[in-house]
Amino acid sequence: MSFLPEQRKAHLLSRIAKYGELTTKSQFGGVSLMIDDVMFAITSDNQLYLKGSDFLETLYKATKMEAYIYLKKGKPITLRYYKITASLWENQQKLDQYIDLSYHYSMQEYLGQRKRPCRIKDLPNLGVILEKRLSQIGVNKVEELRLIGAKACYLKLMRSHNLKNSELLLSLAGAIMGCHRSVLPNQLKAELLDWYNELSFQ
């Protein structure tokens with residue numbers, strides 16, 4: 001891992017030792033990090049990027065982690081890997097949690113163990129009524145909901161159906177993350193509620 005400073009490299013190796021032997025290879029303009037052929041991170045230019053598998057992409061974006069941009073033949077391609085910030089390196093407890101989460105969900109994604117709902121109504125917090133309302137604003141598939149995101153979907157529902165409540169916003173975020181709105185990560189919940197309150201005053 002020549003792309004990562006020695007102190008950070010030592011911390012990472014210490015944390016993932018319990019999962020197995022780390023292997024690396026040059027990929028995407030950096031070095032990919034793998035355990036048992038499961039790629040969970042990339043290092044490049046002295047930075048570490050964790051894979052945003054499943055709901056982690058939403059969490060990492062809410063934590064203001066920047067996506068890794070790979071230049072392929074001069075064209076930028078944004079990958080689902082998110083940079084560990086300087087403040088996160090200083091918060092070892094949270095950093096270790098994020099490393100564990102990235103490995104855990106990368107492994108589940110690799111093994112195909114997570115059963116993805118086929119319909120929006122099958123997601124947590126949602127149902128047939130919200131599925132119909134989302135369909136009316138052009139969101140018909142689970143992947144479309146995840147791609148558009150909770151905030152954009154909420155804005156569309158608010159404008160088309162005059163739906164204005166924070167529980168709906170949190171429900172959409174929970175559905176995208178695969179959990180009930182009551183157990184959303186505190187940081188993400190606070191960020192969403194701040195956004196909702198700012199929106200309400202406009």
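Residues numbered from 1 in each chain as written. Predicted model: local features only at pLDDT ≥ 70, side-chain atom pairs only at ≥ 80, totals over all residues. Heavy atoms only, no water.

As named in an unreviewed UniProt entry, the protein chain is DNA transformation protein tfoX, taken from Proteus vulgaris.

1. Here's the deal with the sheet that holds strand β3 (residues 38-44)
Spatially, β1-β2-β3-β4-β6-β5 is the arrangement adopted by the 6 strands of the open sheet, whose pairing is antiparallel. Across the chains shown, the open sheet's two edge strands, defined by having one partner strand only, are β1 (22-27) and β5 (67-72). Shown here is a sheet whose adjacent strand axes are inclined to one another by a mean of 40 degrees, direction ignored. Pairing analysis gives 5 bridges linking strand β2 (residues 30-35) to β3, with the strands arranged antiparallel. Counterpart to V31 in the pairing with β3 is T43. (Pairing = 2+ DSSP bridges. Helix = DSSP H or I, 4+ residues; strand = E, 2+ residues; numbered from the N terminus. Axes fitted to C-alpha atoms, helices over the stretch in contact; angles between N-to-C directions.)

2. Some words on helix α8 (residues 166-177)
For α8, with 12 residues, the first-to-last C-alpha span of 17 Å sits near the 16 Å given by 1.5 Å per residue. Buried residues dominate α8, accounting for 10 of its 12 residues. Of all the positions in α8, only L168, L169, L170, S171, L172, A173, G174, A175, I176 and M177 are classed as buried. Along its buried surface, α8 packs onto α2 (56-62), α5 (128-136), α6 (142-148), α7 (150-161) and α9 (186-200). Between a side-chain oxygen at the N-terminus of α8 and the backbone nitrogen of E167 the separation is 3.2 Å; the capping residue is N165. Positioned one or two residues after α8, G178 has a phi angle of 85 degrees, which is positive. (Expected span 1.5 Å × (residues − 1). Buried < 20%, exposed > 50% of the residue type's maximum accessible area, 1.4 Å probe, protein only. Contact = heavy atoms within 4.5 Å. Polar contact = N/O pair within 3.5 Å; in protein donor to acceptor, adjacent residues only side chain to side chain.)

3. What to know about α5
Within α5, the full set of buried residues consists of L130, E131 and L134. Buried residues along α5 cover an arc of 105 degrees about the axis, so they all sit on one side. Residues of α5 that are exposed and angled more than 90 degrees away from the buried face: I129, K132 and Q136. Considering only its buried residues, α5 is in contact with α7 and α8. Within two residues after α5, G138 carries a phi angle of roughly 90 degrees, on the positive side. (Arc of directions from axis to C-beta.)

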